[in-house]
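Chain residues, written in single-letter form:
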Amino acid sequence: VGILTARGGKTSHAAVVARGMGKPCVSGAEDLDIDVHLRTARCGDVTIVEGDVLSIDGSTGEVFIGSVPVRPSPVVEYLENGLEAALADADEDTAALVTSVDRVLGYADEIRHLRVRANADTAEDAARARYMGAEGIGLTRTEHMFLGDRRVLIERVILSDDEDRQAALDALLPLQRQDFIELLEQMDGLPVTIRLLDPPLHEFLPNLTELSVRVAVAEANGYSEAADLKLLAAVQRLHEANPMLGLRGVRLGLVVPGLFGLQVRAIAEAAVARKKAGGDPKVEIMVPLVGSVMELHLVADETDGIVSEIAAREGIDLHIPIGTMIELPRAALTAHRIADVAEF
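Residues numbered from 1 in each chain as written. Predicted model: local features only at pLDDT ≥ 70, side-chain atom pairs only at ≥ 80, totals over all residues. Heavy atoms only, no water.

**Notes on the sheet that holds strand 10 (residues 191–195)**
Note on sheets: strands pair through backbone hydrogen bonds, and any given pair is parallel or antiparallel. One open sheet accounts for 5 strands, arranged 8-9-10-11-12; its pairing is parallel. What marks the edges here is a single partner per strand, and that holds for strand 8 (118–119) and strand 12 (322–324). Of the strand pairs in this sheet, strand 9 (residues 137–141) and strand 10 are connected by 3 bridges, and their pairing is parallel. Bridge assignment links I137 to a residue of strand 10, and that residue is V192. In this fold helix 12 (residues 293–314) packs onto strand 11 (282–287) and strand 12, with an angle of close to 155° to the strand it touches most, strand 12. (Pairing = 2+ DSSP bridges. Helix = DSSP H or I, 4+ residues; strand = E, 2+ residues; numbered from the N terminus. Contact = heavy atoms within 4.5 Å. Axes fitted to C-alpha atoms, helices over the stretch in contact; angles between N-to-C directions.)

**Regarding the pairing of strand 4 (residues 40–43)**
Sheet analysis places strand 3 (residues 33–35) next to strand 4, joined by 3 bridges and oriented antiparallel. Bridging across to strand 4, I34 finds its partner in A41. Relative to strand 5 (residues 46–49), strand 4 runs antiparallel, the two sharing 4 bridges. Among the inter-strand pairings, T40 is bridged to a residue of strand 5, identified as V49. Adjacent in sequence and paired antiparallel, strand 4 and strand 5 are bridged by 2 residues, among which G44 carries a positive phi angle near 65°.

**Quick look at the packing of helix 5 (residues 123–131) against helix 7 (residues 162–186)**
At a minimum axis separation of 8 Å, helix 5 and helix 7 run at an interaxial angle of 10°. Between helix 5 and helix 7, the angle is such that the two are roughly parallel. Contacts between helix 5 and helix 7 pair A123, A126, A127 and R130 from the former with E182, L183 and Q186 from the latter. Tallied by class, the residues present in the contact of helix 5 with helix 7 amount to 4 nonpolar, 1 polar and 2 charged. (Parallel < 35°, antiparallel > 145°, perpendicular 65-115°, else oblique. Nonpolar A, V, L, I, M, F, W, Y, C, P; charged D, E, K, R; others polar.)

**A word on helix 9 (residues 226–238)**
The terminal C-alpha atoms of helix 9, which comprises 13 residues, lie 19 Å apart, in line with the 18 Å expected from a rise of 1.5 Å per residue. Looking at helix 9, one finds that the buried residues are D228, L231, L232, A234 and V235. All buried residues of helix 9 project into a common sector of 165° when viewed along the axis, lining one side. Across helix 9 from its buried face, at more than 90 degrees, point the exposed residues A226, K230 and R237. The inward-facing, buried residues of helix 9 abut helix 6 (151–159) and helix 8 (208–220). (Expected span 1.5 Å × (residues − 1). Buried < 20%, exposed > 50% of the residue type's maximum accessible area, 1.4 Å probe, protein only. Arc of directions from axis to C-beta.)

**Thoughts on the pairing of strand 10**
The element strand 10 is largely enclosed, with a buried count of 5 among its 5 residues. Where burial is concerned, the two faces of strand 10 agree: the one with P191, T193 and R195 and the one with V192 and I194 are both buried. Sheet topology places strand 10 next to strand 11; 5 bridges connect them, and they run parallel. When the sheet's bridge partners are listed, T193 is paired in strand 11 with E284.

**Description of the sheet that holds strand 5**
Taking strand neighbours across the sheet as the criterion, the 3 strands line up as 3-4-5 in an open arrangement whose pairing is antiparallel. Pairing within the sheet leaves two strands with one partner each, and these edge strands are strand 3 and strand 5. Along the sheet, successive strands turn relative to each other by an average axial angle of 20°, direction set aside.

**Overview of the nonpolar core**
Note that soluble globular proteins tend to have their nonpolar side chains buried in a common cluster. One finds I154, V157, I267, L318 and I320 to be the most contacted residues of the largest nonpolar core, which totals 64 residues. No other element matches the 10 residues that helix 11 (residues 259–276) contributes to this core. If we ignore the near neighbours within four places in the chain, the residues touching L318 are A268, A271, V272, K275, V307 and A311. (Core = buried A, V, L, I, M, F, W, Y, C linked by side-chain atoms within 4.5 Å.)

By themselves, these figures tell us nothing about what the structure is for.
Here you go:
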């Protein structure tokens with residue numbers, strides 16, 4: 001319901017993601033001493049235990065013991081239901097606030113030249129963003145679609161041989177396609193930029209230390225699981241000193257056969273499904289962590305082939321722009337070359 005952390009700050013990932021999810025967050029409360037083993041937290045002479053209720057004010061940074069009465073934001077009420085609804089039964093201060101917000105946003109809409117897009121990873125996020133006035137989605141992070149029950153499938157894609165990998169890809173395809181259909185339905189007629197799988201490899205693999213301990217304990221007790229031994233060998237083979245700079249983004253997509261192809265196929269088939277349903281999908285594909293133009297070339301060629309094949313099969317005119325995000329020093333230095341291939 002809310003997030004409270006002892007480390008980080010108001011621009012930390014926890015705070016930024018929480019805001020996107022519409023959750024109150026107070027991060028970097030350094031006086032908070034958390035004991036993960038006892039499952040308690042202390043702040044001065046106050047101790048809280050797991051299960052205690054806290055109330056968090058994400059605007060002021062205040063944290064209260066127990067449940068504090070809350071009320072809807074009058075500004076959110078205005079954004080969702082209009083000025084008239086927000087002013088109904090409002091006191092003098094609330095009316096002044098809402099009227100001021102309405103005036104500022106009106107001025108902004110009159111003079112601005114930029115379009116504002118939102119980040120959204122689910123159909124629910126997209127619906128809320130559109131409700132709040134977003135004119136498209138600037139970034140859909142597809143890695144969030146591989147969490148939970150699907151994590152084991154992506155683990156199989158990365159670690160398995162060709163036959164088992166294809167089975168895992170086949171299982172993921174309808175799930176991804178449905179994700180994208182729902183997303184494009186909510187943003188019908190507006191641009192949606194979907195980023196292919198971005199995170200470092202280790203986020204999809206079992207923790208090396210925990211797996212090593214599990215295998216060692218089993219062997220010490222006189223037995224071992226063949227599956228665990230095989231998994232440990234694979235994780236050790238793929239282990240990196242600094243995963244954030246290694247096999248991730250476009251390089252992971254190029255090294256693991258079929259991974260990006262799966263996502264591109266799901267996006268293209270979702271766009272076709274929306275067109276057949278009378279919709280107007282405007283989808284774009286973003287290739288993550290590109291460092292050189294050849295990486296983008298390779299993915300763009302594979303993507304064009306898949307999109308053309310699906311368009312021909314379905315008898316539908318389908319063009320999906322392919323671009324990238326400049327997020328590496330090498331990409332910045334060679335951006336003039338990358339721009340020759342990128343459509344955005």
